[in-house]
Amino acid sequence: MPEYDIAIRGGLVATSFGAARCDIGIKDGRIAAIAERIGDAAQVIEADGLFVLPGGVDTHCHIEQPEANGTVHEDSFVTASASAFAGGTTSAVCFIPQFKGGGILERFADYKARGAKGMLDHAFHQIIADPTDAVINEEVPKVVAEGVRSLKVFLTYEPLHLNDAEFIKVLLAARRHGCLVTVHCENYDAIGWRTRALLEAGMTAPKYHAWSRPRVVEREATHRAIALAELVDQPIQVFHVSCEEAAEEIARAQARGLKVWGETCPQYVTLTAAHMDRPGFEGAKFMCSPAPRDTAEHARIWEMIRRGTLDVVSSDHCGFSYEGTQGKAQNGRDAVFRDIPNGIPGLAARLPIVFSEGVSKGRIGLEDFVKLTATNPARIMGLYPRKGVIQPGSDADIVLWDAAKKVTITNALMQHAIDYTPYEGLEVTGWPAMTIRRGEVVMRDGKVQAEPGSGRYLPRGPYDLVKPRGITPDGFVAP
Ligand code: DUC
Ligand code: ZN
Ligand code: ZN
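Residues numbered from 1 in each chain as written. Chains lettered and ligands numbered in written order. Predicted model: local features only at pLDDT ≥ 70, side-chain atom pairs only at ≥ 80, totals over all residues. Heavy atoms only, no water.

Colleague: Which parts of the structure should I look at to understand the overall build of the chain?
Modeller: Across its full length, the chain carries 12 helices and 18 strands. Relative to the compact-globule value of 23 Å for 479 residues, the chain shows a C-alpha radius of gyration of 21 Å, a close match. For the chain, the spread of C-alpha atoms along the principal axes amounts to about 70 × 55 × 40 Å. The buried share of the chain, taken over its 479 residues, is 60%. Pairs at least 24 residues apart make up 77% of the contacts formed inside the chain by residues separated by at least 6 positions. Only carbon and sulfur atoms are counted for the fraction: they give 51% of the accessible area of the chain, which is about 17,200 Å². Positive and negative side-chain charges of the chain, numbering 52 and 60 respectively, have mean locations separated by a distance of 2 Å. (Helix = DSSP H or I, 4+ residues; strand = E, 2+ residues; numbered from the N terminus. Rg over C-alpha atoms; globule rule 2.2 N^0.38 Å. Buried < 20%, exposed > 50% of the residue type's maximum accessible area, 1.4 Å probe, protein only. Contact = heavy atoms within 4.5 Å. Areas by Shrake-Rupley, 256 points an atom, 1.4 Å probe, with all protein chains shown as cover. Lys, Arg positive; Asp, Glu negative; His and termini not counted. Charge placed at Lys NZ, Arg CZ, Asp CG, Glu CD.)

Colleague: How should the coordination of the zinc ion (ligand 2) be read in this particular structure?
Modeller: When a metal holds four donors in a tetrahedron, each ideal angle between them is 109.5 degrees; when it holds six in an octahedron, the ideal angles are 90 or 180 degrees. Ligation of the zinc ion (ligand 2) by protein atoms is provided by H184 (ND1) and H240 (NE2), these donors lying 2.1 to 2.2 Å from the ion. Between the two metal centres, the zinc ion (ligand 2) and the zinc ion (ligand 3), the spacing is 3.7 Å. Highlighted residues: H184 in strand β10 (residues 180-184) and H240 in the loop between β11 (236-238) and α8 (244-255), separated in sequence by 56 residues. (Donors = N, O, S within 2.8 Å, 3.2 Å for Na, K, Ca; no water.)

Colleague: When you look at the packing of α8 against helix α9 (residues 295-307) in this model, what are you seeing that I'm missing?
Modeller: The axes of two packed helices give the description: the angle between them and the distance between them. Axis separation between α8 and α9 bottoms out at 10 Å; the angle between their running directions is 15°. One way to sum up the angle between α8 and α9 is to call them roughly parallel. For the pair α8 and α9, the crossing hand works out as left-handed. Contact residues: E244, A247 and E248 in α8; E297, R300, I301 and M304 in α9. (Axes fitted to C-alpha atoms, helices over the stretch in contact; angles between N-to-C directions. Parallel < 35°, antiparallel > 145°, perpendicular 65-115°, else oblique. Left-handed = near helix turned anticlockwise from the far one by under 90°.)

Colleague: Help me understand the site of ligand 1 in this model?
Modeller: In the vicinity of ligand 1, the contacting residues are H62, Y157, H184, H240, C288, S289, D316, C318, N342 and G343. Between H240 and ligand 1, the recorded distance is 3.3 Å, taken from a side-chain N or O atom to an oxygen atom. Within the backbone of S289, a nitrogen or oxygen atom sits 2.8 Å from an oxygen atom of ligand 1. Relative to its unbound accessible area of 240 Å², ligand 1 is 95% covered by the protein chains. For the shell around ligand 1, the per-class residue count stands at three nonpolar, six polar and one charged. (Near = heavy atom within 4 Å. Polar contact = N/O pair within 3.5 Å; in protein donor to acceptor, adjacent residues only side chain to side chain. Nonpolar A, V, L, I, M, F, W, Y, C, P; charged D, E, K, R; others polar.)

Colleague: So what exactly am I meant to see when it comes to the environment of I38 here?
Modeller: By the secondary structure assignment, I38 is in the loop between β3 (30-35) and β4 (41-46). Separated by 184 residues in the primary sequence, I38 and T222 have C-alpha atoms spaced 49 Å apart. Excluding its chain neighbours within four sequence positions, the residues that come into contact with I38 are Y4, A7, R9, D23, I24, G25 and A33.

Colleague: How do you make sense of the coordination of the zinc ion (ligand 3) when you look at a structure like this?
Modeller: Within the first shell, the zinc ion (ligand 3) binds the protein through H60 (NE2), H62 (NE2) and D316 (OD), at distances of 2.0 to 2.2 Å. Of note, the donors binding the zinc ion (ligand 3) are all from one chain and are spaced H-x1-H-x253-D. Given a relative accessible area of 7%, H62 falls into the buried group.

Colleague: Just to check I follow, could you spell out the side chain of Q234 for this structure?
Modeller: Relative to the assigned elements, Q234 resides in the loop between α7 (215-232) and β11. Judged by relative accessible area, Q234 falls into the buried class, the value being 4%. Side-chain polar atoms of Q234 contact the backbone oxygen of C179, separated by 2.7 Å. The contact partners of Q234, leaving out residues within four places of it in the chain, are L171, A174, R175, C179, L180, V181 and A229.

Colleague: It is not clear to me how the UniProt feature "modified residue: N6-carboxylysine" (unreviewed entry) in the chain should be interpreted in this structure. Could you clarify?
Modeller: In the numbering used here, UniProt assigns the "modified residue: N6-carboxylysine" (unreviewed entry) feature to K152. Along the chain, K152 falls in strand β9 (residues 150-154). With residues up to four places along the chain from it excluded, the contact list for K152 reads H60, F95, H125, Q126, I127, I128, T182, H184 and F239. (UniProt positions renumbered as here; feature names shortened; annotations may be inferred.)

Colleague: Help me understand the packing of helix α2 (residues 105-116) against helix α3 (residues 133-145) in this model?
Modeller: The contact between α2 and α3 brings their axes to 10 Å, and the two run at 25°. As judged from the angle between their axes, α2 and α3 are roughly parallel. The residues of α3 that touch α2, namely those facing L105, E106 and F108, are E139, K142 and V143. Its residues assigned to classes, the contact of α2 with α3 comprises three nonpolar, no polar and three charged.

Colleague: How should the pattern of salt bridges be read in this particular structure?
Modeller: Pairing is possible between side chains of opposite charge, provided their charged atoms come close. Summed over the entire model, instances satisfying the criterion amount to 35 salt bridges. Residue D294 pairs with R215 through a salt bridge whose shortest N-O separation is 3.2 Å. Here D294 is found in the loop between β12 (260-264) and α9, whereas its partner R215 is found in helix α7, with 79 residues between them in sequence. Sharing partners across several salt bridges, the network here consists of R30, D121, R386, K387, D395, D397 and R438. (Salt bridge = Lys/Arg side-chain N within 4 Å of Asp/Glu carboxyl O.)

Colleague: Can you help me understand α3 in this one?
Modeller: Every α-helix winds through 3.6 residues per turn, so residues three or four apart in the chain are directed the same way. In this model α3 runs 18 Å from its N-terminal to its C-terminal C-alpha over 13 residues, within 8% of the 18 Å that 1.5 Å per residue would give. Of all the bends in α3, the greatest, near 40°, is centred on E139, and the proline P141 appears no more than four residues after it. Turning to α3, its buried residues are V135, I136, E139, V140, V143 and V144. One or two steps after α3, the chain reaches G147, where phi turns positive at roughly 100°. (Expected span 1.5 Å × (residues − 1). Bend = angle between axes of the 7 residues up to and from the residue.)

Colleague: Even after reading the chapter, I still don't get the nonpolar core, so can you show me in this structure?
Modeller: One recurring pattern in soluble globular proteins: nonpolar side chains tend to sit buried together. With 80 residues, the main nonpolar core has L53, I63, F124, F167, V183, I236 and F369 as its most contacted residues. Setting aside chain neighbours within four positions, we find I236 in contact with L171, L180, V181, V183, A225, I226, A229, K259, V260 and W261. Formed by 31 residues, the second largest nonpolar core is a distinct cluster that contains Y208, A284, A329 and I340. (Core = buried A, V, L, I, M, F, W, Y, C linked by side-chain atoms within 4.5 Å.)

Colleague: What's the story with the UniProt feature "domain: Amidohydrolase-related" (unreviewed entry) in the chain in this structure? I'm lost.
Modeller: Sequence positions flagged by UniProt for "domain: Amidohydrolase-related" (unreviewed entry) are, in local numbering, residues 51-442. End-to-end, the C-alpha atoms of residues 51-442 are 17 Å apart, and along that stretch the chain is 36% helix and 19% strand.

Colleague: In this structure, what is going on with the packing of aromatic side chains? I would like to understand it.
Modeller: For any pair of aromatic rings, the description rests on two quantities: the centre-to-centre distance and the angle between the ring planes. As enumerated under the stated definition, the model contains 14 aromatic pairs in all. Through a chain of ring-to-ring contacts, three or more aromatic side chains come together here, namely F77, F108, Y111, F124 and Y457. Sitting over the ring of Y322, K285 keeps its end group 4.7 Å from the ring centre. Above the face of the Y384 ring, R379 is positioned so that its terminal group lies 4.2 Å from the ring centre. (Phe/Tyr/Trp six-rings, centres within 6.5 Å; stacked < 30°, edge-to-face > 60°. Lys NZ or Arg CZ within 6 Å of the ring centre and 35° of its normal.)

Structure (structure tokens):
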């Protein structure tokens, strides 16, 4: 009887604390051994010449998410799982919606059932768009008991945004129940004013999306979110930081010892506002919020990554096709920028872009790549060490990585249900050769093979990282 179910032999195994050429033994879906040479296995995978990395953990994915207008993001948990595996990602954290006037519990069962149909291991953030007393006092404790440990708030977007009083309510609830708060930081009123002014001036094309929300609105909201979190003594993660100005706010908070983390996304090191200035409706393909900036800003984001201010790169994967009635053109191809849904797909492209732009181009090291795409997201979301690391006892989520492979990104390679990728034509060096989820080969040479329904829900329990510091500006701790 062989000792292991699978042996991965001879690859360069990388974790966030170093890399070494060794074997990995997998038993019952978990990593059982890491050694220079391990014993017999039922299946041997030769990894000579490949990197052996923890499967990607993408903690910001909008998958099959129902919207207030009755549409549902086009990638189902099945198609998004295929896309994730194609790109070397094995787990994701997705969003349970809440709509104004409605509760959250009523959404939990529906969304959990959707997640159960996919192949990707998954956890949930709970969006809070309407923090009524009933939601905060009665429903939040119930979703926490179901394993949700992060509350997501939007400081902009109709009809999701919270005002400061509502945001404080959510911060307090998170503090009481041991949750992280993740925040979309842009100033709602400033964007509203800008948008109205642009539309009145006839500036309606997709490129004016960027004009409606310049860097300063992101910086202001980031500053405010941090200040209010400091007041309440509640840890937060600032989502999708697009510019140095906002990252500097996070750096200052971190220097003061606050529990504030910053996430960025591949779009903020590859796309620019100029992409939204393509002819006709084409610019809609690149519309996301915050808006992509310019190439000088890409360099600044890399610097903030190198300094550790931004320590997670997620995709912010959003399933809107270019054509059709559910996607970018849902309000017509002549819709003004305000009426075009925000968000771009990126689940499969995330690892290749971060590896290529980061490691292959010498901006970061291999261990940094592992931290940014797997270990740090798992830690910050309370999934570590089950996910995000190759070590005995962890789930055997592994990607074999061909660091030398050159690929031109096409939509077909993304394997999602979306009809385009904003990264079409981007050349990358480094590509996943095989993805293993809990000891099962789910992608080999681009071919995804996994049983729908085999993805596991990852309920999250209490974890130290989100404990308040016990320090408020004047010592007053609100109940
Ligand atoms: N921005 C978000 O905040 N969410 C979804 C997509 C986007 O672009
Ligand atoms: Zn957001
Ligand atoms: Zn998002």
